[in-house]
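An overview of the molecular structure
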Amino acid sequence: MSDIIQLLPDHVANQIAAGEVVQRPASVVKELLENAIDAQATSIKLIIKEAGKTLIQVIDDGVGMSVTDARLSFERHATSKIKSAEDLFELNTKGFRGEALASIAAIAHVELKTKQESDEVGTDIKIEGSEVAAQEVCVTPKGTSISVKNLFYNIPARRNFLKSNAVELRHIIDEFHRVAMAHPFIRFDMYHNGSEVFNLPETNDRQRIVNIFGGKTNEKLVPIKEETDLVAISGFVGKPEYAKRSRGEQFFFVNDRFIKSPYLNHAVNSAFEGLLKDKAHPSYFIYLKVDPKSIDINIHPTKTEIKFEDEHALYAMLRSTIKHSLGQFNVAPVLDFNRDASMDTPYEYKEKVVQPPVIEVDRAFNPFKEEKTGASTSSKNYSSFKKESTGSWEGLYAGLESEMPSSSASEKNSDFSSVEFESTEVTSSFFETEKKKIEHQSIYQLQKKYIVTTIKSGLVIVNQNRAHQRVLYEELLRSITMASSSVSQQLLFPLTLSFSKKEVALLETVKEQLENAGFVFADLTLGEVQITGIPAVATEKEVSVLLEQLLSDLENEVPDSGFSQTDLLAKSMSKSIAIRTGVELTPEQQQYMVNSLFACTEPTITPDNKPTFITFTVDEIDKKF
Ligand code: ADP
Ligand code: MG
């Protein structure tokens, strides 16, 4: 049999490698930015069109390349950064694989313009699908400009796999943030479709974070610092009261490289133990400097995971450093937001001085003495009070009056003894409780969590939170899909919430649906969002948590899950505003909840498929006895 194994042609090998290195436009952005940093640039411009699908361009003022290097840079395993395997353990650069440019050139139209300081003229090379299409001498400033057009033009499957521009842009901004935060001493500018998105002047760590995440970030940061033989830790953690439900702002940088580390993340969380409200995540911006020999960054092609030599020691050190800073900056635990508001001191009592109760004793009072003219003051007061209360309930029981001769008699004769009054009062309160019993005996709230009521065949137990989720979900779905049916409540004063640019961009992608749900945005372009109207089903207080939860859900959106964003929105919002466990409901509210639940199209489950109620038939109850 003849031999069948052959070496793959370069352009095929490059395309395969590209599969690992370039998942989406954001991966190209990361590689190009890192190359510019490795080239010692002091100012880097990122220019994007259509979320990187048509153009990604990075311009730097770094060292540039010679003619030969420019040509070589697109070869696979061509790198100026390492020469031997040992160099891997002395890495001070972002790149080292020599794969990025080769991979990118295999799947896009690339143009490179570059010039070294000492050269008169620069080099301009055009490459399409690994083939050099043109090479010329050109006039260009010192540094390098690489533009990548029509990404995945020759791999339609990959191109079709790309998400909407909003989603791809979000990934690009994420990468841009990470690189920019790791290098505050380099100036970064970013433009999308011709307009400036970020303009980050050369500065320090703290100011860079503030420039990226908005002015209000500054007051939220607590600095951390520690230096040992093993590691130098610096950076910031967010004050616990600003912790968010989304994991958004969590960054580790090791030797100026953004990394992900669930293990170190755990260390941070454990330092915050007891300081955070339920389900909140602290934000952090932590810079670790370690000996390059003690880490291995070679384990992941996109290099966001690394292996540390002494993970346990690092964990302990990080944890104690953060704990120490939180203590030093006097960070106090926050109260649980879901606490029972009925425990709070009512506003009008807040400033009052507490008065000890005074007991008045009527020393002349003789219970055995016949009262004729109401001689004792206390009984006089008592009788007049009775009269008033009698008057108020009488209207309610107008039809019953004829059956209560004692009451009408007392009305007519004010000189009648209060004993008689008392007896009518007893009768009336008896009636009242009786009536209440009749009205409400079939509905009951258990432990401020379940609504128990009877049906023909037995008993229903409704979970109040889950039932409300279902009711709101269907209501919101309706109003989002049929814009006309939405009910919005106007706010007296516009509500101003601050979000990062990225979050605003995310909100913009669902703006229409949010407006259909009842939101009215006065301004959604700045880092601050102004809201003048909110959905009728929500309260003003809930809005910030609602939007935060929504952003976090949108961010964690599982690709291709569910049928639409509308579903996600309705789900997320209904979860945020549904009545929680621990809220006391009046019998009327309980009844309303049960009725609304059973009016739903699908009353049995919550939007995420959890049961909303259970039933016990009399048969089942019988069996228990
Ligand atoms: P790596 O970064 O792993 O070395 P790349 O494929 O990203 O591999 O780049 C190949 C080589 O091209 C680099 O080693 C570097 O010498 C050169 N290079 C790439 N981008 C730039 C740039 N912006 N400025 C100067 N040289 C660059
Ligand atoms: Mg590189």
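Not measured: the values here are computed from a predicted model.

Regarding its fold elements, the chain presents 19 helices and 22 strands. When burial is assessed residue by residue, the chain has 43% of its 625 residues classed as buried. Residue pairs in contact within the chain that sit at least 24 positions apart in sequence constitute 68% of those at least 6 positions apart. On the chain, roughly 34600 Å² of surface is accessible, and the fraction owed to carbon and sulfur atoms is 53%.

To continue, consider the site of ligand 1. Residues in contact with ligand 1 amount to 18 residues; listed here are only the nearest, N35, T79, S80, K81 and G98. Of the pockets mapped on this structure, ligand 1 occupies the second largest pocket. The class makeup of the residues in the shell around ligand 1 is 6 nonpolar, 8 polar and 4 charged.

The next thing to look at is the packing of helix α8 (residues 262–271) against helix α9 (residues 311–328). Packing of α8 against α9 leaves a shortest axis separation of 8 Å and a crossing angle of 30 degrees. Overall, the two elements α8 and α9 adopt an arrangement that is roughly parallel. Like other packed secondary-structure pairs, α8 and α9 cross with a definite hand, here right-handed. Contacts between α8 and α9 pair Y263, L264, H266, A267, V268, S270 and A271 from the former with E311, H312, L314, Y315, L318, R319, I322, K323 and L326 from the latter. Considered class by class, the residues forming the contact of α8 with α9 number 10 nonpolar, 3 polar and 3 charged.

With that settled, consider empty space enclosed by the protein. Following the criterion strictly, the structure yields 2 cavities of 30 Å³ or more and no others. Taken as a whole, the largest cavity spans an internal volume of roughly 100 Å³. Lining the largest cavity are 14 residues, and of these K30, E34, V179, R257 and F258 lie nearest its centre. Mapped onto the lining of the largest cavity, the elements with two or more residues apiece are α2 (25–38), α6 (165–182) and β12 (257–259).

For the rest of this paragraph, the subject is helix α14 (residues 501–509). For α14, every residue scored as buried is listed here: K502, E503, V504, L506 and L507. Structurally, α14 contributes buried residues whose contacts are with α6, α15 (511–517), β21 (528–535) and α16 (543–555).

Here the focus is unusual backbone geometry. At A51, a residue that is not glycine, the phi angle is positive and equals roughly 55 degrees. Turning to its location among the elements, A51 is positioned in the loop between β1 (43–49) and β2 (55–60). On the accessibility criterion, A51 (0% relative accessible area) is buried.

Attention shifts here to the nonpolar core. Counting 60 residues, the largest nonpolar core has L32, I44, L46, V148, M181, F188 and M190 as the members making the most contacts within it. Residue contributions to this core peak at 8 residues, all from α6. Those residues within four positions of L32 in sequence are excluded, and the remaining contacts are I56, V58, L101, I104, I146 and V148. Within the second largest apolar cluster, 33 residues are counted, among which are L497, V504, I534 and L546.

Another aspect to go through is the sheet that holds β2. Taking strand neighbours across the sheet as the criterion, the 8 strands line up as β5-β4-β3-β6-β2-β1-β7-β8 in an open arrangement whose pairing is mixed. The strands lining the two open edges of the sheet, one partner per strand, are β5 (131–138) and β8 (195–200). Adjacent strand axes in the sheet meet at a mean angle of 10 degrees when their direction is disregarded. Bridge analysis of β1 against strand β7 (residues 187–192) gives 6 bridges, and the strand direction is parallel. Looking at β7, one finds that I48 is bridged to H192. Of the strands in this sheet, β1, β2, β6 (143–149) and β7 are in contact with α2, which crosses β2 at around 10 degrees. In the packing of α6 onto the sheet, contacts are made with β1, β7 and β8, and the angle to β7 comes to roughly 170 degrees.

How each quantity is defined
Residues take numbers from 1 onward in each chain, read along the sequence in its written order. For naming, the first written chain is A and the first written ligand is 1, with later ones following in the order written. Only residues with pLDDT of 70 or above have their local features reported here, since the model is predicted, and side-chain atom pairs are shown and tallied only from 80 upward, although totals for entire chains, interfaces and linings are computed over all residues. To get the side-chain values, take all heavy atoms of the structure and skip hydrogens and water. For helices the rule is a DSSP run of H or I covering at least 4 residues; for strands it is a run of E covering at least 2, with both sets numbered from the N terminus onward. Each residue's exposure class comes from its accessible area (1.4 Å probe, protein chains only) as a fraction of the maximum for that residue type: buried when under 20%, exposed when over 50%, partly exposed otherwise. Contact definition: two residues touch when any of their heavy atoms are within 4.5 Å. Only the protein chains shown count as cover for residues, and all accessible areas are computed by the Shrake-Rupley method using a 1.4 Å probe. Proximity is defined per residue: if any heavy atom of the residue lies within 4 Å of a molecule or strand, that residue is considered near it. Only protein atoms enter the 1 Å grid used here. Points where a 1.4 Å probe fits but cannot escape make up a cavity, open sets with protein on both sides within 12 Å along at least five of seven lines make up a pocket, and a residue lines them when an atom lies within 4 Å of a point. Molecule-in-pocket calls rest on the fraction of atoms, with more than half required to lie within 2 Å of the cavity or pocket grid points. Residues are grouped as follows: Ala, Val, Leu, Ile, Met, Phe, Trp, Tyr, Cys and Pro are nonpolar; Asp, Glu, Lys and Arg are charged; all remaining types, including Gly, are polar. The convention used is that axes are lines fitted to C-alpha atoms, helices contributing only their stretch in contact, and that angles between N-to-C directions extend from 0 to 180 degrees. Note on angle classes: values under 35 degrees are labelled roughly parallel, values over 145 roughly antiparallel, values of 65 to 115 roughly perpendicular, and the remainder oblique. The hand of a helix crossing depends on one turn: near helix anticlockwise from the far one by less than a right angle means left-handed, and clockwise means right-handed. Grid points are joined across faces, edges and corners, and a volume is the space filled by probe spheres set on the points. We call a set of buried residues a nonpolar core when its members are Ala, Val, Leu, Ile, Met, Phe, Trp, Tyr or Cys and they connect through side-chain atoms within 4.5 Å of each other. The criterion for strand pairing is that DSSP finds at least two bridges linking the strands in question.

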